[in-house]
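Fold and geometry: a report
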Amino acid sequence: MRLLIVEDEKRLALSLAKGLTAEGYAVDVVHDGREGLHRATEGPYDLVILDIMLPGMNGYRVCAALRAAGHEVPILMLTAKDGEYDEAEGLDTGADDYLTKPFSYVVLVARVKALLRRRARPGPSPVHVHGGLTVDTAARRVLREGVEVALTAKEFAVLEHLVLRPGEVVAKAEILDHVWDFAYDGDPNIVEVYISALRRKLGAERIRTVRGAGYRLEAR
């Protein structure tokens, strides 16, 4: 899951990004309304966390512009304001939920997860079975021959990206782009490190390297 945070309070934005990354999400952060609209329009995001009071373009206008352009990405609005009028205005522009500052981080994560679950219904089963491997993307559980395997958040995110495209070759660059954020400038071989970890835990035969192309999740 890829999230976009549009928030001009940099300390808050980076704090949220750090926490949500630890939850297993890929998170991008921008601090300006116009840049937020551009990112949300161009990027394949699963959810946008959008502040209302932003430089360049306020959150109401960003939200309204996204909906007018036909984008259905869930939007969670944040604001320092408090009052029924503000909430109604945010929801009228197309926001899916509303959270007033200061808020509990635990509550924000719960709202994010609820919006993502709501977006996923109706849709395909979150449980994917490949031979003796079972991956539940909703519960974030992995079973190997019926025995649960403990994965880190990043390991699960890499596996999830492969399991949603069974039998297809997924490029390393694509995994890097979806699991790590756009600002990542470390060693791209980090993907290979996590693929190796998954092979150790799930069995080397589960993930095949297609030389020069990427990786493919095998049923056996």
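What counts and what doesn't
Residues numbered from 1 in each chain as written. Predicted model: local features only at pLDDT ≥ 70, side-chain atom pairs only at ≥ 80, totals over all residues. Heavy atoms only, no water. Helix = DSSP H or I, 4+ residues; strand = E, 2+ residues; numbered from the N terminus. Buried < 20%, exposed > 50% of the residue type's maximum accessible area, 1.4 Å probe, protein only. Lys, Arg positive; Asp, Glu negative; His and termini not counted. Salt bridge = Lys/Arg side-chain N within 4 Å of Asp/Glu carboxyl O. Contact = heavy atoms within 4.5 Å. Core = buried A, V, L, I, M, F, W, Y, C linked by side-chain atoms within 4.5 Å. UniProt positions renumbered as here; feature names shortened; annotations may be inferred. Axes fitted to C-alpha atoms, helices over the stretch in contact; angles between N-to-C directions. Parallel < 35°, antiparallel > 145°, perpendicular 65-115°, else oblique. Nonpolar A, V, L, I, M, F, W, Y, C, P; charged D, E, K, R; others polar. Pairing = 2+ DSSP bridges.

With respect to the element layout, Glu160 can be found in helix α6 (residues 153-163). No salt bridge is formed by the buried Glu160, whose closest oppositely charged neighbour, Arg140, lies at an N-O distance of 4.4 Å. Sequence-distant contacts of Glu160, that is, excluding residues within four places in its chain, are made with Met1, Thr137 and Arg140.

With that settled, the discussion passes to the nonpolar core. Core analysis: the biggest nonpolar cluster contains 21 residues, and Leu162 and Ile175 have the highest contact counts within it. Of all elements in the fold, only β7 (133-136), α6, α7 (172-179), α8 (190-202) and β11 (214-217) reach the threshold of two or more residues within this core. The leading source of residues in this core is α6, at 6 residues. Core analysis: the next-biggest nonpolar cluster, separate from the first, contains 20 residues, Leu4, Leu54, Val62 and Ile75 among them.

This part takes up the UniProt feature "modified residue: 4-aspartylphosphate" (unreviewed entry) in the chain. When the UniProt feature table is mapped onto this chain numbering, "modified residue: 4-aspartylphosphate" (unreviewed entry) sits at Asp51. Within the element layout of this structure, Asp51 appears in strand β3 (residues 47-51). In this structure, Asp51 is in contact with Val6, Glu7, Asp8, Gly59, Leu78, Thr79 and Lys101, ignoring residues within four places of it in sequence.

Our next topic: the packing of α7 against α8. As a packed pair, α7 and α8 sit with axes 9 Å apart at the nearest point and diverge in direction by 90°. Taken together, α7 and α8 sit at an angle that is classed as roughly perpendicular. In this structure, α7 contributes Lys172, Ile175 and Leu176 to the contact, and α8 contributes Ile190, Val191 and Glu192. Its residues placed into classes, the contact of α7 with α8 shows 4 nonpolar, no polar and 2 charged.

As a further point, take the sheet that holds strand β6 (residues 127-130). Strand order in the open sheet formed by 4 strands is β6-β7-β8-β9, and the pairing between neighbours is antiparallel. The outermost strands of the open sheet, each flanked by one partner alone, are β6 and β9 (147-148). Sheet topology note: the β7/strand β8 (residues 141-144) ladder contains 4 bridges and is antiparallel. Paired with Thr134 across the strands is Leu143, a residue of β8.

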